[in-house]
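# Architecture at a glance
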Amino acid sequence: MIKNVKQISEQAFLLDFGDEVTREINQNVINTFNFISKKMQKNNPLGLKNCVPSYNKLLIHFNPSKKNKDELTNFLKGIDRFQIESNVNIDEVEIPVCYDEEFALDIKDVSKKTKIDEDLIINSHLSTQFFVYMIGFMPGLPFMGDLETNLNVPRLMTPRLQVPPGSVGIVDKFCVIYPNQSPGGWNIIGRTPIKLFDKNKNKPTLLNPGSKVQICKISKKEFLAIQKKDE
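Reading the values: the criteria
Residues numbered from 1 in each chain as written. Predicted model: local features only at pLDDT ≥ 70, side-chain atom pairs only at ≥ 80, totals over all residues. Heavy atoms only, no water. Pairing = 2+ DSSP bridges. Helix = DSSP H or I, 4+ residues; strand = E, 2+ residues; numbered from the N terminus. Axes fitted to C-alpha atoms, helices over the stretch in contact; angles between N-to-C directions. Contact = heavy atoms within 4.5 Å. Core = buried A, V, L, I, M, F, W, Y, C linked by side-chain atoms within 4.5 Å. Buried < 20%, exposed > 50% of the residue type's maximum accessible area, 1.4 Å probe, protein only. Salt bridge = Lys/Arg side-chain N within 4 Å of Asp/Glu carboxyl O. Arc of directions from axis to C-beta.

## Points about the sheet that holds strand E4 (residues 57-62)
If you walk across this open sheet you meet the 4 strands as E1-E2-E4-E3, and the pairing is antiparallel. A strand with exactly one partner marks an edge of an open sheet, and here the two such strands are strand E1 (4-9) and strand E3 (48-53). Neighbouring strand axes in the sheet, compared pairwise and without regard to direction, differ in orientation by 20 degrees on average. Here 5 bridges tie strand E2 (residues 12-16) to E4, and the two strands are oriented antiparallel to one another. Bridging across to E4, Phe13 finds its partner in Ile60. This element, helix H1 (residues 23-41), spans E2, E3 and E4 of the sheet and lies at about 160 degrees to E3. Contacts between helix H2 (residues 69-77) and the sheet are confined to E1, E2, E3 and E4, with E2 contributing the most and set at about 15 degrees to the helix.

See below:
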């Protein structure tokens, strides 16, 4: 469960769940995140302000003016895994991806590095049920695992200055989808027309930590039709 609780500033604690990146550890992070988030939505006598999950850590911001650091420390150290078992319904989301050459900017290089045929790379990607470990780098960008080990490739030696929105990238055992145009060094193997982040919606992010994602393959014609519909 929680390995260590450490105060890292006058208004923040870091909850450490271990050094490994596994689904089990990450699920503990997410369950604790959900538990603390519910506390924040209630009377919140502890002065909790924000809670940010990562692969295996949880950052807690609090109001230092309440001067209840000891009470807050005891609360965080007293969290029990059986107290926080999540009964929240897990989101299961299907995301369409086009793997045509103009969208799969690095798939040829990935094929060379892994010595795996492009069609087999696509099939392996499609057969993976992805798990969202965290949202980060930019609003709505999911870090999803776990790719088969034979598809593990490093980051690009020279990152791109502009990665198109919707681009699907892989590095090591992880897969990301860029919600907006941005710099990036991941290996791009496809693109989705689906918007992962829309600030104008009540729920701006399509995916959340703990979501399960299944990729489905679409043609360029289908890609353009979905893109036009969502404009």
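## Quick look at the nonpolar core
Note that soluble globular proteins tend to have their nonpolar side chains buried in a common cluster. Residues Ile95, Met144, Leu207 and Val213 are the most contacted members of the largest nonpolar core, which totals 25 residues. For this core, the elements supplying multiple residues, two or more each, are strand E5 (92-97), helix H3 (107-114), helix H4 (118-127), strand E6 (129-135), strand E9 (167-171), strand E10 (174-177) and strand E13 (212-217). Ranked by residue count, the leading element in this core is E5, at 3 residues. Setting aside its immediate chain neighbours within four residues, Ile95 contacts Ile177, Thr192, Leu206, Leu207, Val213, Gln214, Ile215 and Cys216.

## Things to note about the environment of Val21
Along the polypeptide, Val21 turns up in the loop between E2 and H1. Sequence separation between Val21 and Ser65 is 44 residues; the distance between their C-alpha atoms is 35 Å. Residues contacting Val21, with those up to four places away along its chain left out, are Tyr55, Asn56, Tyr133, Lys173 and Phe174.

## Quick look at the pattern of salt bridges
A complete count under the given rule lists 7 salt bridges for this structure. We note a salt bridge from Arg23 to Asp146, for which the minimum N-O separation is 3.1 Å. Residue Arg23 is found in helix H1, and its partner Asp146 is found in the loop between strand E7 (142-145) and strand E8 (160-163); the two are separated by 123 residues along the sequence. Its salt-bridge partner being Lys220, residue Glu102 comes within 2.7 Å of it at the nearest N-O pair. Of this pair, Glu102 sits in the loop between E5 and H3 while Lys220 is found in helix H5 (residues 220-230), placing the two residues 118 residues apart along the sequence. Using a relative accessible area of 42% as the deciding quantity, one classes Glu102 as partly exposed. We classify Lys220 as partly exposed; its relative accessible area is 32%. Overlapping salt bridges, with partners in common, bring together Arg23, Asp146 and Lys173 in one network.

## Section: H3
Taken together, the buried positions of H3 are Ile107, Val110, Ser111 and Thr114. Burial along H3 is one-sided: seen end-on, the buried residues are contained in an arc of 100 degrees. Contact partners of the buried residues in H3: H4, E9 and strand E12 (187-191). The positive-phi residue at the C-terminal boundary of H3 is Lys115, with phi of around 60 degrees.

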